[in-house]
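# Chain and residue survey
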Amino acid sequence: MKLKFTVNRRATTLEVTGAERVIDLLRERLGLVGTKEGCGKGECGACTVLLDGSPVCSCLLLSSQVAGREITTIEGLSEGESLHPVQAAFAETGAVQCGFCTPGLVLSSAALLADIPAPSREQMKRALAGNLCRCTGYQKIFEAVELASRNMRREKRRRR
Amino acid sequence: MPAPRKKRTAFAAIGTSVPNVDAVDKVTGRAKYGADHDRKGQLYGRVKYSEHPHALILSIDVSRAVNLSGVRAVLTHADIPGENSFGTAVPHQVVLCSEKVRYLGDVVAIVAADSEEIAAKAVESITVKYKILPVVSDPVEALSPRSPAVHAGGNLCVHQKVRKGDVGTGFSQSEVVLEREYATQKVEHAYMEPEAVLAEPGENGGITVTGSVQNLYSIRRGLARVLALPLGRVRVRQATLGGSFGGKDEAMTALCCRAALLALKTGRPVKMVNTRENSMRESYKRHPYRMKYKVGADRRGFLKAMEITIHADAGAYAAMSPFVTWRSTVQATGPYVVPNVRTDVYAAYTNNCYTSAMRGFGSPQVCFGSESLMDELAEKLGMDPLEVRLKNTLRGRSTTATGQKLNHTVSVGEALLNVTKKGRFLKTRASNRKHNERSHPKKGVGISCSYRGVSLGAEGVDAAGVTVSLQTDGSVVASSGLVDMGQGAATTISLMVAEELGVTVDRIRFLGADTSRLPDSGPTVASRTSFMAGQAARRACKEIVERIRPVASEVLGCPVDSLLFRNNWVSHSTERTRRGPGSRKAGRGRAGRKRLRLGELASLCFARGVSLFAHGWYRAPATSWDERTGQGDAYFTFVYGANLAEVEVDTETGTVRVTRFVSSHDVGRVLNLNGARGQVYGGVAMGLGYALFEEYAEQDGRPSLENFDEYLLPTVSDVPETEIVFIENPDRLGPYGAKSLGEPACEIAAPAIANAVCDALGMRVRELPLTLERVRLGRGLSRKEKRGSAGP
Amino acid sequence: MREASVIAPRSLREALRAVGRKGVVAVAGGTDLLVRLHDVAAGERPSFLVLDGVRTLHSIAPRGKGLALGPLVTFSEIERSSLLRTLAPQLVEAASVAGSVQIRNRATLGGNIANGSPAGDLLPPLYVLSARLELSYSGGRRQVMIEDFFKGPGETVLRRNELITRVVFERSQNRGFFLRLAVRRALAISKVSVAANVSLRNGRVQSVRIALGAVAPTVLRASRTEEYLLGRELDRDSIETACGLASGEAAPIDDIRSEADYRREMVGVLLGRGLLRIASAR
């Protein structure tokens, strides 16, 4: 079948069976290897992408389920060379160690901040519980989300 | 060379908080991990696992697999050009089993095919006939003479011992004697990135493997041995590593060997990526320990004797078991002065998944034992846990259990005071008691402490190399034989290079490790990287500085010893260069110049044929060990730490919530504050998983779980707020006084939590993990069925 | 992946025509199905009937005094629905503690039902809300009460040519809860769960429904406990007796996730906590 969907703001058409997992489509057909596979069962969140802005596990998604929809991967979060505020904050606070969980965590955090601009720690915990990280103990991930939140709100005020 | 410094504030880069040098690549998805490497025309490799934990192989039939369309190679033991085994301590770990399988992760055949699917199909079509043997699953029973043998030489993998003084005399002088048994479970490293490798045949008949490797040189040795190639034709390159924690060594050697065999056979690149299930099934784990402790003390609480017997489950292969258990013997008593010690650690072969290095390396187990014991002793003596510890902790010039006299600042007491002060230990304990009388959930607070030998110690050769290459524009390329696996080594080594050369960190490019570029630096283990690679990096930098200083001195017209290298500039040290030279142009003819860009200096040097490249090599100070008595200077220096945990226990359901954590570690010197904090937070979280939920359960050699749906790691919702108090007692041997942190941060978290839980319960639980069932019912899960009727 | 075919209907009619075909498996969110397929490493892939495109299966609408939900309503949609928060708080609570955000964004009500796991978090609430399932096939449909839908773990009365097309239930009585126990605070399958739907009049239990999850081959109604509670005041004694009865009604097993006796005891603990909450909210 012909699959039409949007990937990182770009209209994309691919010939697919419809039964591929979206993660394989992204990594193998589109070369978007920033999306990682850690478990293949939706438990670790390393494969998180945004589907119409909401985080989902791309390892539990069939290509035919994204027809007509919009996918954002880590490669598409920033525009051009400048980092998305969440990416910048993750780098700055040291919320990145081995980095394998980072694309998923950054996307989940970006979705959270799009929804709740100034989340509480409890809200962060709920939003990020689907992204396992073995290195950081999560403390600096809180700090990163808080920093990104401050920077994004400041930027928003400045624009007004 | 920077001017002599009196105070540590004089450091330019050391001790600052900098983002990891690879952070931008990682937040943008540009970093390339093992599975992200692809080559044109690559094939996909798959393994055929053993179907039994213990069996003789009668026949292997690959004929159907060979004939499948798209299958390019099917290999068995008969196709191995060199030795069919590898291993650092005992080279008996089999690449492709020929006569016998010893655990479910053993591999009997491998396949390379055009696609993953074809490879999977081919693997399924291979039939192996077995003669099933009785399964050895208990490490204590394994040592009985009646037990079936996993290896021809019997099931004793290693026996490590310590004999100090005479425990008989010690116990006879004791007024209080306690005997207790503790047990820890088998756990998985659970690095987020499953193992992955790409093997490419080289033009010269050699092989290049690129993948998620932790210890490049041991993997290269394994490859050379199995492929019968000279080391020089085997190249191992590290891809960005998605976590390791000690876990990507032997498991990766096996994977690399298999991929390389397929690549050499087919003449094409072969990619092998483990699923999480494969990784869980095959990759080694942390040893489960069964520990018997007998301790004697006088009425005032001073320790007189300790007798410790430990059985460790080595699983199917030796791997690092001899070294892991050796560290256990050194640390088994905890950081206390014990005049009479007798410790025996036995590791036994079984048909369980094999065990080897994992963050802590034989310490998390004995830390749980000794720290639970100290709490029990305190209770028996009617003292509080802090008092009994402070009475017995090692001090300067104390002698350790292995007879080593400590000749540096011993700060275990300081660490204990830090955490108990910050956590208001005694007050909290008292107020919890009152709270628990009438309220629910119950509250508890617990402490723990440890001492830990830095680097490999008497375990093995301890040396490492780093190369530094100053470029003619003043940028720097550095490369280390010890690797970054997510712990931040690249950043820490870069910081040291920055300090020595007076460049800013952004000017340094740290290259991924490659065995063809650097000499064998031993393994990236034992929290030795900052120390060993750091010292090597400093030597390399100093050598370069020595060579370029005369040129700078000539150009600037000032004496060699008054030059200051800082912020990418070289200046006369009387000049203030802290914030750089601003826009002022610094060119006033040779002798009149006051400062010079490092890049300009490098260019000048290059033009004069001065080498801007140096290789630094650092060999650790000597250690000693007498195997007969288990006495000696086990490590050249030690680190000290203490943890405090507060918990809430829902005693009706057994649910434990860690509400607060305080961690204090003497690291000698904080090199990279960001990295150091990350090590502590991560270590605490890993210790929390060890304390509360993680368990790689096996029954008769068969794992009861295979993925993260049942092997539960802490999520963001489970971790407590953690406060850190670093202690900096600079070590005379360490780079800028630094020692180590990665493992100490992890080893005592679980016992602090366990002690807190027991404090809340008013009952001792002597086995990890403290699952809801164990806390509520006092016993663990039998995990009888893989999935029961209550499962999905 | 092998040449698996995919059918992606735009209408219910099309979907119902396809569902009976050999080797066709209906996919709602896919979060359970793809996990199961992941476990079968190299097996033949079925044909997928991808239901996403059938708009009518996504609705949340009032029906009579209750509600009618399409089977493709996701956990996240349940979690965020203000209508459901008022009318079926147990269901909202269950939807909001299950899995992770990523899973809740895809996992569906219909999938949770069809999957038939006794640990399925939405099931105990549906039991206490007396949910009725509309099962459709090409040319007709039938209604099945949720309690009659499950035959065992993973086994249901759904025929090969049928789809769950609607889930209808009453609004909750004035008191209700959903409580569960899991190892971790997030992203974990329940060891035990308890849902209840209670109405009190003049301090006495006028009606009550209690359902227990993960303690038997299917979700279980604690009918003897319900019977006992009817007409009684909720006080320490009656709650204690009810907890004991409910524990006795559970028929749990030992498995990888927990132990039978622990589960049985926890049924009582969770029920007690829920009932106490109701009693003290009076």
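Rules behind the numbers
- Residues numbered from 1 in each chain as written.
- Chains lettered and ligands numbered in written order.
- Predicted model: local features only at pLDDT ≥ 70, side-chain atom pairs only at ≥ 80, totals over all residues.
- Heavy atoms only, no water.
- Contact = heavy atoms within 4.5 Å.
- Buried area = accessible area lost by both parts, 1.4 Å probe.
- Salt bridge = Lys/Arg side-chain N within 4 Å of Asp/Glu carboxyl O.
- Polar contact = N/O pair within 3.5 Å; in protein donor to acceptor, adjacent residues only side chain to side chain.
- Helix = DSSP H or I, 4+ residues; strand = E, 2+ residues; numbered from the N terminus.
- Nonpolar A, V, L, I, M, F, W, Y, C, P; charged D, E, K, R; others polar.
- 1 Å grid on protein atoms, 1.4 Å probe; cavity = no way out; pocket = protein on both sides within 12 Å on 5 of 7 lines; lining within 4 Å.
- Points joined across faces, edges and corners; volume = space filled by probe spheres on them.
- Domains from an automatic or database assignment.
- Buried < 20%, exposed > 50% of the residue type's maximum accessible area, 1.4 Å probe, protein only.
- Patch = residues over 30% accessible without salt bridge, like charges linked within 9 Å, V, L, I, M, F, W, Y side chains within 5 Å.
- Areas by Shrake-Rupley, 256 points an atom, 1.4 Å probe, with all protein chains shown as cover.
- Lys, Arg positive; Asp, Glu negative; His and termini not counted.
- Charge placed at Lys NZ, Arg CZ, Asp CG, Glu CD.
- Pairing = 2+ DSSP bridges.
- Axes fitted to C-alpha atoms, helices over the stretch in contact; angles between N-to-C directions.

## Brief notes about the interface of chain A and chain B
Taken together, the contact pairs 42 residues of chain A with 53 residues of chain B. Here chain A packs against chain B, burying approximately 3,700 Å² in sum over the two surfaces, 57% of which is carbon and sulfur. Three residues stand out in chain A for area buried against chain B, namely A:Cys98, A:Arg134 and A:Gln139, and they jointly supply 21% of the buried area on that side. Applying the counting rule to chain A against chain B returns six salt bridges. Its salt-bridge partner being B:Glu721, residue A:Arg121 comes within 3.1 Å of it at the nearest N-O pair. At the boundary of chain A and chain B, one finds 22 residue pairs in polar contact (both at pLDDT 80 or more). Listing elements by their share of the side of chain A that touches chain B, those giving two or more residues are helix 2 (85–93), helix 3 (102–115), helix 4 (121–128) and helix 5 (139–159) of chain A. By residue number, the principal contributor to the side of chain A that touches chain B is helix 2 of chain A, which donates five residues. Here the side of chain A that touches chain B is built from residues that sort into 19 nonpolar, 11 polar and 12 charged.

## Overview of empty space enclosed by the protein
Residues and elements named next belong to chain B. Summed over all chains, the structure comprises 10 cavities of 30 Å³ or more. Volume-wise, the largest cavity comes out at about 630 Å³. Going through the elements one at a time, helix 13 (489–501), helix 14 (529–556) and helix 16 (673–692) are the ones with two or more residues in the lining of the largest cavity. Among the elements that make up the lining of the largest cavity, the one with the highest residue count is helix 16 (five residues). Residues that form the lining of the largest cavity fall into these classes: 15 nonpolar, 20 polar and five charged. Residue-level mapping places the lining of the largest cavity at the junction of two domains, with at least three residues from each of domain 1 (23–31 + 463–619) and domain 2 (397–459 + 632–792).

## A short note on the pattern of salt bridges
This structure, assessed with the given rule, holds 73 salt bridges over all chains. For B:Arg163, the salt bridge identified is with B:Asp344, shortest N-O distance 2.7 Å. With B:Arg163 in strand 9 (residues 156–164) and B:Asp344 in strand 17 (residues 340–349), this residue pair connects regions lying 181 residues apart in the sequence. Relative accessible area serves as the criterion here: at 24%, B:Arg163 is assigned to the partly exposed category. The exposure class of B:Asp344 is buried, given its relative accessible area of 6%. Residue B:Arg300 pairs with B:Asp298 through a salt bridge whose shortest N-O separation is 3.0 Å. By relative accessible area, B:Arg300 is classed as exposed at 52%. One network of salt bridges, in which partners are shared, links A:Asp52, A:Arg69, C:Asp52 and C:Arg106.

## Looking at a positive patch on the surface
A contiguous patch of positive charge on the surface is contributed by A:Arg150, A:Arg153, A:Arg154, A:Lys156, A:Arg157 and A:Arg160. Tracing the chain through its elements places A:Arg150 in helix 5.

## Examining the sheet that holds strand 10 (residues 176–183) of chain B
All names here are of chain B. In spatial order, the strands read 9-17-16-15-10; together these five strands make up an open sheet with mixed pairing. If you trace the sheet from one side to the other, it starts and ends with strand 9 and strand 10, each paired once. Taken pair by pair, the neighbouring strands of this sheet meet at an average axis angle of 5 degrees, ignoring direction. Summarising the sheet, strand 9 and strand 17 pair through eight bridges and their orientation is antiparallel. Across the sheet, residue His-159 finds its bridge partner in strand 17, namely Tyr-346. This element, helix 8 (residues 321–331), spans strand 9, strand 15 (289–297), strand 16 (303–315) and strand 17 of the sheet and lies at about 20 degrees to strand 9.

Interpretation in functional terms is not warranted from these geometric data alone.
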